[in-house]
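# Results of the structural survey
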Number of protein chains: 2
Amino acid sequence: MLITSLTNDKVKNLVKLQTKKYRDEERKFLVEGDHLVSEAYKTNNLIEIFAVEDVLVTFADIPVTYVTKEVMKKISEQTSSTNIIGVCKYINNKIDENKNIVLLDSIQDPGNLGTIIRSAVAFNFDIVLGDNSVDIYNSKTIRSTEGMIFNVNFIKSNLIDFINNHNDYKYLIADMNNGTDIKNYNKTNKVAIIMGNEGNGISESIRNLDIDYIYIKQSSKCESLNVGVAASILMHELGDINE
Amino acid sequence: MLITSLTNDKVKNLVKLQTKKYRDEERKFLVEGDHLVSEAYKTNNLIEIFAVEDVLVTFADIPVTYVTKEVMKKISEQTSSTNIIGVCKYINNKIDENKNIVLLDSIQDPGNLGTIIRSAVAFNFDIVLGDNSVDIYNSKTIRSTEGMIFNVNFIKSNLIDFINNHNDYKYLIADMNNGTDIKNYNKTNKVAIIMGNEGNGISESIRNLDIDYIYIKQSSKCESLNVGVAASILMHELGDINE
């Protein structure tokens, strides 16, 4: 089947999946390009494929619809040309209670969230996404994960509720210079690292809880590290990789 | 002075500064927004200011030209509205030979370069930018540095030439899994960490030199870390911050 019309109903529905509201209703999201479609396939998250007419698609059992270049351009959210788009199902909301976790308090930049997801998989952390964070299925977030969106465990939760209901983690607030230098921190329990918003840091309501602070020692010339970098360094320092 | 015309010569010249060719000829580049303009001023790199007519600008001794919102939109490279743009002089090409350094081999993404610059300032590293790397004065690079472009020391050089002419560093190739786990690495000298291209890693010609490898231990589920994250973790592990 080849779709040539920009007003085809399937095309309209794909364009709607660019919005969070429609994604949440359908519990589906889009990924672009060979690498992400292939990762979606390997992890059984791929439902359907849309490809430019001259592209050979070889994922067994997944329905393929061919479209013209013009139609693909309309579906795609990227400026450079995409040849293949996968429709994926939402990932199950769960975390492994034996693992370390990162709590994200109002992370706003999709690239930063994607970077944190990629590093979380690398260092074996699960993720708790706080109420005011950017959407995990945002196309920029997904691109920045480099496919690790399909390998991460995450849940969405109000962070204060989560902390009150889970007392078996050692909670740690990542700060600029308060608390313990991460290089001197002595880990004795599974940890929950709390990372704050890019501009405003950690919410007052979380700061008011009785939680220890850790910091990454850095030059006074630098105001702060990128939050994705800071989270990654802390996960590197505190992670358990037993493979 | 208020510029209202989109075809004003000053406006044309500012738009030309969006291209590397013209930046290199003029040895000037643009920064957008209060924070970056203020960082440029503090470090004596600010030559001239262009601001929207209703903005109050208070940098002593720096000439200000006011423009209409339409003119500002033409000069700006960002989608969101900018109120102030600074014209800055190129930063001196130099490194401090007593410090640790990072060698960047064909880094392509401006955001990654900006992140590495920001972390380099945080962990007290200077930067050697190899031949095929993205332009350091690219507007996306500059935004990602969060103003640290004005605090970093860097030079541009062919990396093989640099390595051949500087034998007092301990060179280390950052690899996926060859060599020494960075957590077990015993540093005895100032280091030069070599980071590779996002897709292709380190060039064959550098790999052929007799250089040690280091890696960041990570889960087999993750193909690789973001190069900005990996560079930052290695600088965090190997940096000397004596303040």
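Residues numbered from 1 in each chain as written. Chains lettered and ligands numbered in written order. Predicted model: local features only at pLDDT ≥ 70, side-chain atom pairs only at ≥ 80, totals over all residues. Heavy atoms only, no water.

## Concerning the layout of surface pockets
Any empty space left between the atoms is revealed when a probe the size of a water molecule rolls over them. Of the voids in this model, the second largest pocket is the one considered here, and its volume is about 210 Å³. Lining the second largest pocket are Lys221 of chain A together with Thr43, Asn45, Ile91, Asn92, Lys94, Lys99, Phe150, Asn151, Val152 and Asn153 of chain B. Among the residues making up the lining of the second largest pocket, the classes are represented as 3 nonpolar, 5 polar and 3 charged. (1 Å grid on protein atoms, 1.4 Å probe; cavity = no way out; pocket = protein on both sides within 12 Å on 5 of 7 lines; lining within 4 Å. Points joined across faces, edges and corners; volume = space filled by probe spheres on them. Nonpolar A, V, L, I, M, F, W, Y, C, P; charged D, E, K, R; others polar.)

## Regarding the sheet that holds strand E7 (residues 125–129) of chain A
All names here are of chain A. Spatial ordering of the open sheet is given by E8-E7-E6-E11-E9-E12-E10, a layout of 7 strands whose pairing is parallel. Every interior strand has two partners, whereas the edge strands, strand E8 (154–156) and strand E10 (180–181), have only one. Summarising the sheet, strand E6 (residues 100–104) and strand E11 (residues 191–195) pair through 4 bridges and their orientation is parallel. What sits directly across from Ile101, in E11, is Ala192. The strands touched by helix H5 (residues 110–122) are E6 and E7; relative to E7, the strand with the most contacts, the crossing angle is about 150 degrees. (Pairing = 2+ DSSP bridges. Helix = DSSP H or I, 4+ residues; strand = E, 2+ residues; numbered from the N terminus. Contact = heavy atoms within 4.5 Å. Axes fitted to C-alpha atoms, helices over the stretch in contact; angles between N-to-C directions.)

## Here we look at the sheet that holds strand E1 (residues 2–3) of chain A
Residues and elements named next belong to chain A. The 5 strands are arranged E1-E4-E3-E5-E2 in an open sheet whose pairing can be described as mixed. The sheet terminates laterally at E1 and strand E2 (28–32), the two strands that pair on one side only. Note: strand E3 (residues 46–52) against strand E5 (residues 84–89), 5 bridges, orientation antiparallel. Bridged to Ala51 within E5 is Ile84. Running at roughly 115 degrees to E3, helix H1 (residues 9–16) makes contact with E1, E2, E3, strand E4 (64–67) and E5 of the sheet. Across the face of the sheet, helix H3 (residues 34–42) comes into contact with E2, E3 and E5 while running at roughly 30 degrees to E5.

## Here's the deal with the packing of aromatic side chains
In total, this model carries 16 aromatic pairs over all chains according to the counting rule given. Plain terms: the ring middles of Tyr90 of chain B and Tyr137 of chain B are 3.8 Å apart, the flat faces sit at 20 degrees to each other, and that makes the pair stacked. Within this pair, whereas Tyr90 of chain B is found in the loop between strand E5 (84–89) and strand E6 (100–104), its partner Tyr137 of chain B is found in the loop between strand E7 (125–129) and helix H6 (139–145), the two being separated by 47 residues in sequence. Considered together, Tyr90 of chain B and Tyr137 of chain B belong to a single accessibility category, that of buried residues. An aromatic cluster of at least three residues, connected via ring pairs, comprises Phe29, Tyr90, Tyr137, Phe150 and Phe154 of chain A. If you follow Lys190 of chain A out to its NZ or CZ, it ends over the ring of Tyr169 of chain A, 4.3 Å from the centre. (Phe/Tyr/Trp six-rings, centres within 6.5 Å; stacked < 30°, edge-to-face > 60°. Buried < 20%, exposed > 50% of the residue type's maximum accessible area, 1.4 Å probe, protein only. Lys NZ or Arg CZ within 6 Å of the ring centre and 35° of its normal.)

## Looking at the domain arrangement of chain A
Residues and elements named next belong to chain A. Split by domain assignment, chain A resolves into domain 1 (2–89) and domain 2 (100–238). Placing the centre of domain 1 and that of domain 2 at their C-alpha centroids yields a distance of 31 Å. Residue-level contacts link 14 residues of domain 1 with 11 residues of domain 2. When domain 1 packs against domain 2, the two sides together hide about 1,100 Å² of surface, and 63% of this comes from carbon and sulfur. In terms of surface lost to domain 2, no three residues of domain 1 exceed Arg23, Phe29 and Leu36, which account for 39% of the buried area on that side. Taken together, the connections running from domain 1 to domain 2 amount to 1 salt bridge. Between Arg23 and Asp135 there is a salt bridge, with the nearest N and O atoms lying 2.8 Å from each other. Elements represented by at least two residues in the side of domain 1 that touches domain 2 include exactly helix H2 (20–26), E2 and H3. Residue contributions to the side of domain 1 that touches domain 2 peak at 4 residues, all from H3. (Domains from an automatic or database assignment. Buried area = accessible area lost by both parts, 1.4 Å probe. Salt bridge = Lys/Arg side-chain N within 4 Å of Asp/Glu carboxyl O.)

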